[in-house]
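Observations on the model geometry
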Amino acid sequence: MQISLQGQIAIVTGGSSGLGREICLAYARAGATVVVNFHHDADAADDVVKLISQVGGNAMAVQADVGQESDVARLFGQTIERFGAVDILVANSGMQKDARFAEMSIEDWDAVIKTNLTGQFLCARSAVKAFRLQGDRGVSRSIGKILCMSSVHQTIPWAGHVNYAASKGGVALLMSSLAQEVAAERIRVNAIAPGAIRTPINEAVTQGDGAEKLLELIPYGRIGEPEDVANAALFLVSDLADYIVGTTLFVDGGMTLYPGFEDNG
Ligand code: NAI
Ligand code: BGC
């Protein structure tokens, strides 16, 4: 099935690596113009832009720290200045700074909440303002779409990662509360909650012995690939998903099915 995002402009935060990179490429293949936000790796972002250009697509890379209000304003400002509008936001940027609870520093707590939760608030707020200003551009059934990157850890508690789990728990209710607030304006807000997907964020546990242990948590029997998430991200912002509002789609090979209970309890 061919999904088209023709004529639409998408901002993907953290678009230079992992899930964000794959989503940029999928959106460009579907005809969207893509703004590849990156935090520090300009070369990697340029690579994504180059790949998109090579197949005749349109893209630009913009550096911005999603946790900084002025950076986010600049990211949206540059997008609108260059392309005239924004129709899709994928609030994907995220990070882990893991530590056992009693040893977790306030710096590591703050850094994760700022990027993973405040970053989504700032980007979604700019997106809602832009959608309202530009109104119905006639490129989609809704006037704008926001996709929040959550995690199975919005549901599954995660010892040693309380900052991360708290940030994703926050994303779940940020997403659904915002969806409720703006649905009547035909702005669709949804989330994806990935399980273990092979990207730079979890390299240490998706390779070698770590991978064996991880597979015990995945009923479907394989670690996810970025395209598993990109496919869902493409569907959710397309008109095929026009009646999907305020939902979190788990893309996790069954990780949230409590596999430990399969022959126990
Ligand atoms: P990644 O580490 O490749 O991607 C994270 C991206 O966010 C990077 O490009 C990084 O530069 C960017 N970033 C970090 N801080 C930023 C900031 N302050 N401003 C702008 N960008 C910033 O890893 P991955 O897996 O692609 O992560 C993407 C999202 O997916 C994250 O929100 C992560 O929590 C989420 N996720 C990943 C899963 C996985 O198994 N890979 C599972 C569940 C959720
Ligand atoms: C984390 C990954 C982890 C996955 C499954 C994600 O939210 O960022 O490191 O592998 O959840 O536990």
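Further up the page is the structure itself.
Read on for an overview of the structure.

What counts, and where the lines are drawn
- By convention here, each chain's residues receive numbers from 1 onward along its written sequence.
- Chains carry letters and ligands carry numbers; both start at the beginning, A for chains and 1 for ligands, and go up in the order they are written.
- Reporting in this predicted model follows two pLDDT cut-offs: at least 70 for local features of residues, and 80 or more for side-chain atom pairs to be given and counted; totals over whole chains, interfaces and linings ignore these cut-offs and use all residues.
- As a rule here, side-chain values come from all non-hydrogen atoms in the structure, and water together with hydrogens is ignored.
- Two strands are counted as paired when DSSP detects at least two bridges linking them.
- Numbered from the N terminus, helices here are DSSP runs of H or I no shorter than four residues, and strands are runs of E no shorter than two.
- Only the stretch in contact is used when fitting a helix axis, every axis being a line fitted to C-alpha atoms; angles between N-to-C directions are given from 0 to 180 degrees.
- By definition in these notes, contact holds between two residues if any of their heavy atoms fall within 4.5 Å.
- The criterion for a residue being near a molecule or strand is simple. One of its heavy atoms has to lie within 4 Å of it.
- Polar contacts here mean pairs of N or O atoms no more than 3.5 Å apart (in protein, one a potential hydrogen donor and the other a potential acceptor; neighbouring residues in sequence count only if both atoms are side-chain atoms).
- The Shrake-Rupley method, run with a 1.4 Å probe sphere, supplies the accessible areas, and residue values consider only the shown protein chains as cover.
- Under the convention adopted here, Pro, Cys and the residues Ala, Val, Leu, Ile, Met, Phe, Trp and Tyr are nonpolar, Asp, Glu, Lys and Arg are charged, and Gly plus all remaining residues are polar.
- To define a nonpolar core, start from buried Ala, Val, Leu, Ile, Met, Phe, Trp, Tyr and Cys residues and group those joined through side-chain atoms within 4.5 Å.
- Between buried and exposed lies partly exposed: a residue is buried under 20% and exposed over 50% of the maximum accessible area for its type, with that area taken using a 1.4 Å probe on protein chains only.
- Each patch is built from salt-bridge-free residues with over 30% relative accessible area, joining like charges within 9 Å and nonpolar side chains (Val, Leu, Ile, Met, Phe, Trp, Tyr) within 5 Å.
- Criterion for a salt bridge: a side-chain nitrogen of Lys or Arg within 4 Å of a carboxyl oxygen of Asp or Glu.
- In summary, the charge assignment counts Lys and Arg as positive and Asp and Glu as negative, without counting His or the chain termini.
- For the purpose of locating charges, the reference atoms are NZ of Lys, CZ of Arg, CG of Asp and CD of Glu.

Points about the sheet that holds strand β6 (residues 187-194)
Read from one edge to the other, the open sheet built from 7 strands follows the order β3-β2-β1-β4-β5-β6-β7, with strand pairing classed as parallel. Each end of this open sheet is capped by a strand with a single partner; those strands are β3 (59-63) and β7 (248-251). Looking at each pair of strands side by side, their axes are set apart by 20 degrees on average, direction ignored. Note: strand β5 (residues 144-149) against β6, 6 bridges, orientation parallel. Within β6, the residue paired with Cys148 across the bridge is Ala191. Here helix α5 (residues 162-182) sits on the sheet and contacts β5, β6 and β7; the angle it forms with β6, its principal contact strand, is near 160 degrees. Against the sheet, helix α8 (residues 226-237) contacts β4 (88-91), β5, β6 and β7, and its axis sits at roughly 165 degrees relative to β6.

Section: the site of ligand 1
By nearness alone, 28 residues border ligand 1, and Ser17, Leu19, Asn92, Tyr164 and Thr199 come closest of all. A distance of 2.8 Å is found between an oxygen atom of ligand 1 and a backbone nitrogen or oxygen belonging to Asn92. Here Gly195 contributes a backbone N or O atom positioned 3.1 Å from an oxygen atom of ligand 1. Contact with the protein chains covers 93% of the free accessible surface of ligand 1, which is 810 Å². When residues of the shell around ligand 1 are traced back to their parent elements, those giving at least two are α1 (18-29) and α5.

Comments concerning the site of ligand 2
Inspection of the region around ligand 2 gives Gln96, Ser151, His153, Trp158, Tyr164, Gly195, Ala196, Ile201, Asn202 and Met255 as its neighbouring residues. In the environment of ligand 2, an oxygen atom lies 2.6 Å from a nitrogen or oxygen atom belonging to the side chain of Gln96. At 2.7 Å, a side-chain N or O of His153 approaches an oxygen atom of ligand 2. Compared with its free state, where it exposes 310 Å², ligand 2 has 92% of that area covered by protein. Of the residues assigned to the shell around ligand 2, the class counts are 5 nonpolar, 5 polar and no charged.

Re the nonpolar core
Membership of the largest hydrophobic core comes to 36 residues, with the highest contact counts inside it found for Leu5, Ile23, Tyr27, Val34, Ile52, Leu147 and Ile192. Secondary-structure elements contributing two or more residues to this core are β1 (9-12), α1, β2 (33-38), α2 (42-54), β4, β5 and α8. With residues near it in sequence (within four places) discarded, Ile192 still touches Leu147, Cys148, Met149, Ser150, Ser151, Val229, Ala232, Ala233, Leu236, Thr248, Leu249 and Val251.

Examining a negative patch on the surface
Taken together, Asp41, Asp43, Asp46 and Asp47 make up a surface patch of like negative charges. When you line up the elements, Asp41 lands in the loop between β2 and α2.

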